[in-house]
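Observations on the model geometry
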Amino acid sequence: RGFHHIKDRNDKRPLENSLSAYELAWTAGIQLCECDIALTQDEHLVLAHDETFLRLALDPRLPNSKRRVSDLTLGELISLPLHSG
């Protein structure tokens, strides 16, 4: 999910499973990183830690933010505005 150090402040860390989290880890010398992979309804692989995107949605009131990743198509997921990582 990216690089986490016990002395890091949680509010200063990049979002997990984001490119910036992996870049920070690689820059710090980490050679291997784990990630969480989910399968969309139309069988595309995506990085997703949570079952839904409710926590990452810019507008958590949007219906697709509450749906399970496996119930969303890739197009629906791409159209969902998320916090940037």
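It should be noted that the structure appears before, not after, this text.
These remarks concern the structure in this document. What you see as residue numbers is a count from 1 along each chain, following the sequence as written. Where totals are concerned, whole chains, interfaces and linings use all residues; where local detail is concerned, this predicted model gives features only for residues with pLDDT of at least 70, and gives and counts side-chain atom pairs only at 80 or more. The side-chain figures draw on all heavy atoms in the structure; neither hydrogens nor water molecules are used.

1. A word on the overall build of the protein
Operational definition: Here a strand is any run of E in DSSP of at least two residues, a helix any run of H or I of at least four, and the numbering for each starts at the N terminus. Working definition: with a 1.4 Å probe on protein chains only, accessible area under 20% of the residue-type maximum means buried, over 50% means exposed, and in between means partly exposed. By the convention used here, residues are in contact when the closest approach between their heavy atoms is within 4.5 Å. Only the protein chains shown count as covering a residue, and every accessible area follows the Shrake-Rupley method with a 1.4 Å probe.
For the protein, the helix and strand inventory stands at three helices and two strands. The secondary structure elements of the protein, listed N-terminal to C-terminal, are α-β-β-α-α. When the 85 residues of the protein are sorted by exposure, 22% land in the buried category. Residue pairs at least 24 apart in sequence account for 43% of intrachain contacts in the protein once pairs closer than 6 positions are excluded. Total accessible area on the protein stands at roughly 6000 Å², and carbon and sulfur atoms take up 56% of it.

2. Quick notes on the nonpolar core
Applicable threshold: In these notes, a set of buried Ala, Val, Leu, Ile, Met, Phe, Trp, Tyr and Cys residues joined through side-chain atoms within 4.5 Å is what counts as a nonpolar core.
Ranked by size, the top nonpolar core spans nine residues in total: A38, V46, A48, F53, L56, V69, L72, L77 and L80. With residues up to four places along the chain from it excluded, the contact list for A38 reads H44, L45, V46, A48 and V69.

3. Section: the layout of surface pockets
So the rule is basically this: Think of a 1 Å grid over just the protein atoms. A cavity is a set of points where a 1.4 Å probe fits yet cannot get out, a pocket is an open set with protein on both sides within 12 Å along at least five of seven lines, and lining residues have an atom within 4 Å of a point. Grid points are joined across faces, edges and corners, and a volume is the space filled by probe spheres set on the points. Amino acid classes used here: Ala, Val, Leu, Ile, Met, Phe, Trp, Tyr, Cys and Pro are nonpolar; Asp, Glu, Lys and Arg are charged; the rest, including Gly, are polar.
Roughly 240 Å³ of internal volume is contained in the largest pocket. If you go around the largest pocket, you meet 18 residues; those closest to its centre are E16, N17, L47, F53 and L56. In terms of residue class, the lining of the largest pocket is built from eight nonpolar, seven polar and three charged.

4. Focus on the side chain of S65
Rules: Definition of a polar contact: a pair of N or O atoms within 3.5 Å, with one able to donate and the other able to accept a hydrogen when the atoms are protein atoms, and with sequence-neighbouring residues admitted only if both atoms are side-chain atoms.
Tracing the chain through its elements places S65 in helix α2 (residues 63–66). A polar atom in the side chain of S65 sits 2.6 Å from the backbone oxygen of L62. Setting aside anything within four residues of it in sequence, one finds S65 in contact with T52, F53, L54, A57, D59, P60 and L80.

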